[in-house]
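Each chain is listed here by its residues.
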Amino acid sequence: MSGAALGIEIVFVFFLALFILHRYGDFKKQHRLVIVATLLAWCLCFLIVFTLPLDVSTTIYNRCLARNSVTPTSDNWSHSSTTPLALTNATGTHPTTTQRQHDETEAHKCYKPWSYIPTGVLPIFWRVVYWTSQFLTWIMLPFMQSYARSGGFSITGKIKTALIENAIYYGTYLLIFGALLIYVAVNPVYHLEWYQLRTIAIAAANTWGLFLLVLLLGYGLVEIPRSYWYGARRGYLLMKTYFKAAKLMTEKADAEETLEDVMEEVRKVNESIKYNHPLRKCIDTILKKCPVEYQEKMGRNMDDYEDFDEKQNSYPSEKTLAKLHKQVIYAVQRHRRTQVQWRILLEQAFYLEDVAKNETSATHQFVHTLPPQEPESWITRRFYTPTVEWYWECLLRPWFYRLLAIVLATFSAVVVWSECTFFSTQPVLSLFAVFIQQAEKTYNYIYIEIACFISIFFLSICVYSTVFRIRVFNYYYLASHHQTDAYSLLFSGMLFCRLTPPLCLNFLGLTHMDSLISHQDIQQTAYTSIMGSMKVLSFIAHGFYIYYPMLVVILCIATYFNLGTRCLNLLGFQQFMGDNDMTSDLTDEGKELIRREKRKRQRLEEGETRRREWKERYGNRGEDSTRNRNINGDPKDSTYTEMSTNRPVTKYTRSNNRTEKDRIELLQDAEPLDFNADTFTDDPLESDSGRYQPGGRYLSMSNSQSKIFDDV
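Read on for an overview of the structure. Here the structure is a predicted model, which means the values were calculated and not measured.

What counts, and at which threshold
- Residues numbered from 1 in each chain as written.
- Predicted model: local features only at pLDDT ≥ 70, side-chain atom pairs only at ≥ 80, totals over all residues.
- Heavy atoms only, no water.
- Phe/Tyr/Trp six-rings, centres within 6.5 Å; stacked < 30°, edge-to-face > 60°.
- Helix = DSSP H or I, 4+ residues; strand = E, 2+ residues; numbered from the N terminus.
- Buried < 20%, exposed > 50% of the residue type's maximum accessible area, 1.4 Å probe, protein only.
- Lys NZ or Arg CZ within 6 Å of the ring centre and 35° of its normal.
- Patch = residues over 30% accessible without salt bridge, like charges linked within 9 Å, V, L, I, M, F, W, Y side chains within 5 Å.
- Areas by Shrake-Rupley, 256 points an atom, 1.4 Å probe, with all protein chains shown as cover.
- Salt bridge = Lys/Arg side-chain N within 4 Å of Asp/Glu carboxyl O.
- Lys, Arg positive; Asp, Glu negative; His and termini not counted.
- Charge placed at Lys NZ, Arg CZ, Asp CG, Glu CD.
- Axes fitted to C-alpha atoms, helices over the stretch in contact; angles between N-to-C directions.
- Parallel < 35°, antiparallel > 145°, perpendicular 65-115°, else oblique.
- Left-handed = near helix turned anticlockwise from the far one by under 90°.
- Contact = heavy atoms within 4.5 Å.
- Nonpolar A, V, L, I, M, F, W, Y, C, P; charged D, E, K, R; others polar.

**Thoughts on the packing of aromatic side chains**
Argument step 1. Going through the model one piece at a time under the given rule, you end up with 31 aromatic pairs.
Argument step 2. Ring geometry for tyrosine 487 versus phenylalanine 491: centroids 6.5 Å apart, planes at 5 degrees, classification stacked. Taken as a pair, tyrosine 487 and phenylalanine 491 lie in helix H16 (residues 486–510) at a separation of four residues, close to a single helical turn.
Argument step 3. Centroid distance tyrosine 560 to phenylalanine 561: 5.1 Å. Interplanar angle 90 degrees. Geometry classified as edge-to-face.
Argument step 4. What makes phenylalanine 561 partly exposed here is its relative accessible area of 49%.
Argument step 5. Aromatic ring contacts, followed pair by pair, group Tyr24, Trp42, Phe46, Tyr464, Phe468 and Phe496 into a single cluster.
Argument step 6. The residue whose ring lies beneath lysine 158 is tyrosine 147, and the NZ or CZ to ring-centre distance is 5.5 Å.

Printed below as a string of structure tokens:
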């Protein structure tokens with residue numbers, strides 16, 4: 001099995017990263033270089049996390065061999081391939097029978113782990129993975145970010161824009177590296193060599209990553225267990241979904257308004273620049289990025305052969321068109337994302353309402369109010385029956401979530417304790433180090449790898465999940481269902497590559513596998529060997545790396561009491577609190593929005609049902625009678641055609657634009673609201689909806705600043 005485990009992990013990590021990237025990215029619409037760069041960054045980071053436990057077990061095996069190795073004698077005796085030969089004692093004399101039996105017993109403990117990686121493989125593997133990820137995160141991905149968001153119309157123009165935007169970005173790195181370089185050059189103890197320069201660069205990168213790592217870790221250690229605990233409370237989830245619906249409707253309306261404004265600018269520019277203008281190619285490029293319905297409206301008029309006037313100064317410049325191109329890309333992406341998210345949020349709200357209604361069902365059969373939008377697979381229909389669905393959703397799932405929350409909270413407590421005590425070697429207070437050292441005494445490699453994998457996997461989930469949940473305005477936002485733009489995908493790859501190396505070093509410190517923490521002259525892991533000796537920067541190795549992680553306690557306390565959320569609410573960024581008047585108002589507003597959409601779906605389903613029943617009963621005769629009624633009926637009631645000499649002429653048409661219908665119903669409140677009739681029948685939570693004001697609050701809450709850190 002030598003090296004086979006590493007090969008299996010590489011294949012598994014590749015498909016894992018590909019699966020996650022497929023969920024968030026769009027392989028059909030996004031550029032291939034963006035997909036490849038993001039996939040490579042994610043694969044490298046996941047490889048570090050999955051391979052580090054193998055490195056730990058291999059290092060412990062090598063330590064065992066070094067600890068039990070002595071010089072063989074002439075009357076040597078052989079063991080299996082995994083044990084050393086007969087050995088002499090330190091004085092060179094032949095050992096006694098008792099001592100030889102003891103040495104043989106100790107030597108037999110050093111059997112190879114099933115995942116043993118041959119000597120020399122891991123150092124090369126870590127160098128390739130680490131330096132490739134660092135090249136991506138510090139040089140390649142920032143450049144690709146600016147290139148992807150640039151509105152330039154040529155490769156040269158996009159490259160120029162990317163270099164200008166990253167000048168300050170790269171200058172900051174050079175400033176930090178230069179400060180550390182001056183410190184080493186001035187200090188007479190150190191001699192400036194290539195090895196020390198490499199160590200300084202690694203220390204600078206890890207210092208920046210550790211600073212951000214503790215912030216994200218403090219949030220994830222509390223929020224992940226709490227999210228599963230609240231996930232067992234259906235009423236809480238439904239209220240939060242209503243709150244999200246109100247905020248998403250505000251964002252959706254703002255995105256539609258922004259798209260309309262940008263399309264109006266495109267229309268004006270399209271009409272001003274004629275077919276033979278030098279910048280006409282730029283306009284055609286912009287039009288290709290517009291939605292199809294707008295492209296049809298703004299199609300170029302090929303009958304207009306009016307030449308442009310070179311002396312006229314009203315023509316926009318190429319720089320202005322590049323800025324407009326950038327605005328079009330952003331507006332179209334945001335509009336498409338809000339539309340998809342609104343549809344998904346509606347399905348979630350409908351399902352949570354069905355769960356709340358089915359909890360009191362005496363038949364133990366899960367009944368859906370509305371049929372699912374997507375057809376179910378035959379496996380789901382066969383095994384996930386209404387009875388199974390009722391027992392899982394209404395009975396088992398809440399208890400499973402509570403149990404999982406308790407387990408995750410226990411892991412979080414262990415991490416917090418170990419982060420505050422891992423620097424203590426006598427006695428050993430870090431629980432991670434205690435577990436690994438106890439397993440090392442018995443050479444239980446399976447237990448060592450499982451313990452290491454679970455520990456580092458939990459730390460990675462706490463950090464990575466925060467990266468997926470955080471949202472900075474609309475510039476960085478990882479949206480599922482293929483709605484993440486190229487800029488956010490590349491930015492996530494940058495964060496992963498910067499956070500993973502300090503995360504692994506922190507894990508090795510928690511387990512005392514790092515000699516800087518254990519203060520022992522022992523064999524290092526292959527991963528630690530590529531980092532070099534941090535003693536070159538002793539104030540970072542013995543100060544920042546040890547004491548800064550203790551701040552995770554303060555961050556966990558702040559997250560537990562929702563201090564960040566409360567501060568954002570005070571600044572005007574609405575967050576779900578549960579005990580806030582603004583939260584209650586938005587919840588009531590979202591509840592009414594969901595109720596309207598539900599009634600609309602029900603009317604559509606009823607209409608489809610009646611239409612199918614009419615066809616089944618009357619067949620073609622019903623269609624003929626309907627067609628005749630439309631022709632000879634009142635033109636004010638429906639669309640009809642009048643037979644003229646040669647062709648039918650449409651007199652009146654009814655708008656079939658579903659978006660326009662939705663807007664009319666929401667803005668004009670076309671349907672009267674009957675609160676007395678729906679309060680106790682449609683509301684699964686039986687809460688008062690009298691505080692909702694007809695017309696919708698979202699019309700007066702279109703401030704785009706309310707969309708920062710929606711989930712943090």
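That shown, we press on.
**Examining unusual backbone geometry**
Argument step 1. A cis geometry characterises the amide bond from glutamine 426 onward to proline 427, with omega recorded as 0 degrees.
Argument step 2. Residue placement: proline 427 occurs in the loop between helix H13 (386–421) and helix H14 (431–442).
Argument step 3. With a phi close to 60 degrees, histidine 364 is a non-glycine residue in the positive phi region.
Argument step 4. By the element assignment, histidine 364 lies in the loop between helix H11 (318–358) and helix H12 (378–383).
Argument step 5. Positive phi, close to 60 degrees, is recorded for histidine 512, a residue that is not glycine.
Argument step 6. Relative to the assigned elements, histidine 512 resides in the loop between H16 and helix H17 (515–518).

**Here's the deal with a negative patch on the surface**
Argument step 1. A contiguous patch of negative charge on the surface is contributed by Glu257, Glu260, Asp261 and Glu265.
Argument step 2. Mapping aspartate 261 onto the fold places it in helix H8 (residues 234–272).

**Overview of the packing of helix H1 (residues 4–24) against helix H2 (residues 32–68)**
Argument step 1. At a minimum axis separation of 8 Å, H1 and H2 run at an interaxial angle of 140 degrees. The pairing of H1 with H2 is recorded here as oblique in orientation. In this structure, the crossing between H1 and H2 has a hand that is right-handed. Together, Ala5, Leu6, Glu9, Ile10, Phe12, Val13, Phe14, Leu16, Ala17, Leu18, Ile20 and Leu21 of H1 and Ile35, Thr38, Leu39, Trp42, Cys43, Phe46, Leu47, Phe50, Thr51 and Leu54 of H2 make up the contact between the two elements.
Argument step 2. Partitioned by chemical class, the residues of the contact of H1 with H2 number 19 nonpolar, two polar and one charged.

**A short note on the pattern of salt bridges**
Argument step 1. Under the counting rule described, the total for this entry stands at 16 salt bridges.
Argument step 2. The salt bridge partner of glutamate 223 is arginine 226, with a shortest N-O separation of 2.8 Å. Placement of the pair is glutamate 223 and arginine 226 together in helix H7 (residues 194–231), with a separation of three residues, close to one helical turn. Grouping residues by exposure puts glutamate 223 and arginine 226 together as buried.
Argument step 3. Salt-bridge contacts for arginine 267 lead to glutamate 271; the nearest nitrogen and oxygen are separated by 2.8 Å. Residue arginine 267 and its partner glutamate 271 are located together in helix H8, separated by four residues, close to a single helical turn.
Argument step 4. Note on glutamate 271: relative accessible area 47%, which makes it partly exposed.
Argument step 5. Linked by salt bridges that have partners in common, Arg234, Glu393 and Arg397 make up one network.

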